[in-house]
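Secondary and tertiary structure notes
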Amino acid sequence: MTHIAETSFNGRPTRLLHTMLRVYDLERSVDFYTRLLGMTLMRKERYPQGQFTLAFLGYGEESTAAVIELTHNWGDRTYAIGDAFGHIAVGCSNVHATCRLLERAGATVIRQPGPLSEMSPDRTDIEHIAFIQDPDGYRIELVQQ
């Protein structure tokens, strides 16, 4: 068991663990994040009493990297994507090529790849981005690294 003193500085949290998204169709969403975005499905957990299933996906081990937790509540439910939630961002080496591949595979590109429309005076380079949408309508920013 890890003690809080071993994982934090002055009692503060030290690492982002995961971001949770509610999804309608867990298998469709897992397919999107694994097949199209190249994430790995780390694990699934069923909670029969609570009537939900969780799936954890990401690009690295949960012990060192942040992951996405997809939550599927059993039964017929509707969700409203909150207007305070913005997007998830993932890095890629070539945003144009990545978008072409994703579009061919059926992903919806909602902002074509290219530079930001204006440059921040706090940056020294122009950032190239695109936005796609997952099966439930969540926005994913692709950032050229």
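Given the structure is predicted, the values throughout are model-derived calculations rather than measurements.

Before going further, it helps to spend a moment on the overall build of the protein chain. Looking only at helices and strands, one finds three helices and eight strands in the protein chain. Helices and strands in the protein chain line up, N terminus first, as α-β-α-β-β-β-β-α-β-β-β. Taken over 145 residues, the protein chain has a buried fraction of 31%. Expressed as a percentage of contacts within the protein chain between residues at least 6 apart in sequence, the contacts between residues at least 24 apart total 49%. Carbon and sulfur atoms make up 50% of the accessible area of the protein chain, which amounts to about 9,500 Å² in all. The average position of the 14 basic charges and that of the 18 acidic charges among the side chains of the protein chain differ by 2 Å.

Ordered by their spatial adjacency, four strands build an open sheet running 5-8-7-6, and the pairing between neighbours is mixed. Each of the sheet's edge strands pairs with one partner strand only, and the pair in question is strand 5 (88-92) and strand 6 (108-115). Taken pair by pair, the neighbouring strands of this sheet meet at an average axis angle of 20 degrees, ignoring direction. With five bridges joining them, strand 6 and strand 7 (residues 128-133) adopt antiparallel strand pairing. Considered in strand 7, the bridge of Gly-114 is made with Ile-129.

What follows is about the packing of aromatic side chains. Summed over all chains, the structure comprises four aromatic pairs. Between Phe-32 and Tyr-33, the ring centres sit 5.1 Å apart and the planes meet at 80 degrees, which makes this aromatic pair edge-to-face. With respect to class, Phe-32 is no different from Tyr-33; both count as buried. Ring geometry for Tyr-47 versus Phe-52: centroids 4.7 Å apart, planes at 15 degrees, classification stacked. Classification of Tyr-47 as partly exposed rests on a relative accessible area of 34%. Lying over the aromatic face of Phe-56, Arg-43 brings its terminal NZ or CZ to 3.8 Å of the ring centre.

Next up on the list: the pattern of salt bridges. Oppositely charged side chains may form a pair once their charged atoms are brought near each other. This structure, assessed with the given rule, holds seven salt bridges. The salt bridge involving Asp-31 is made with Arg-35; its shortest N-O contact spans 3.1 Å. With Asp-31 and Arg-35 both in helix 2 (residues 26-36), this residue pair falls four residues apart, about one helical turn. Residue Asp-31 is classed as partly exposed on the basis of its relative accessible area of 32%. Arg-123 is the partner of Asp-125 in a salt bridge, and the nearest nitrogen-oxygen pair spans 3.3 Å. You can call Asp-125 partly exposed: its relative accessible area is 41%. Each of Arg-43, Glu-45 and Glu-62 takes part in one network of salt bridges that share partners.

Put simply, the protein chain has an average pLDDT of 87, and 91% of its residues get 70 or more. For the protein chain, helix 1 (residues 4-7) is the element with the lowest average pLDDT, namely 44, and helix 2 is the one with the highest, namely 97. Note on residues 1-9: pLDDT is under 50 here. Beyond four places in sequence and across chains, it has four contacts.

Definitions and cut-offs
Residues numbered from 1 in each chain as written. Predicted model: local features only at pLDDT ≥ 70, side-chain atom pairs only at ≥ 80, totals over all residues. Heavy atoms only, no water. Helix = DSSP H or I, 4+ residues; strand = E, 2+ residues; numbered from the N terminus. Buried < 20%, exposed > 50% of the residue type's maximum accessible area, 1.4 Å probe, protein only. Contact = heavy atoms within 4.5 Å. Areas by Shrake-Rupley, 256 points an atom, 1.4 Å probe, with all protein chains shown as cover. Lys, Arg positive; Asp, Glu negative; His and termini not counted. Charge placed at Lys NZ, Arg CZ, Asp CG, Glu CD. Pairing = 2+ DSSP bridges. Axes fitted to C-alpha atoms, helices over the stretch in contact; angles between N-to-C directions. Phe/Tyr/Trp six-rings, centres within 6.5 Å; stacked < 30°, edge-to-face > 60°. Lys NZ or Arg CZ within 6 Å of the ring centre and 35° of its normal. Salt bridge = Lys/Arg side-chain N within 4 Å of Asp/Glu carboxyl O. pLDDT = per-residue confidence, 0-100.

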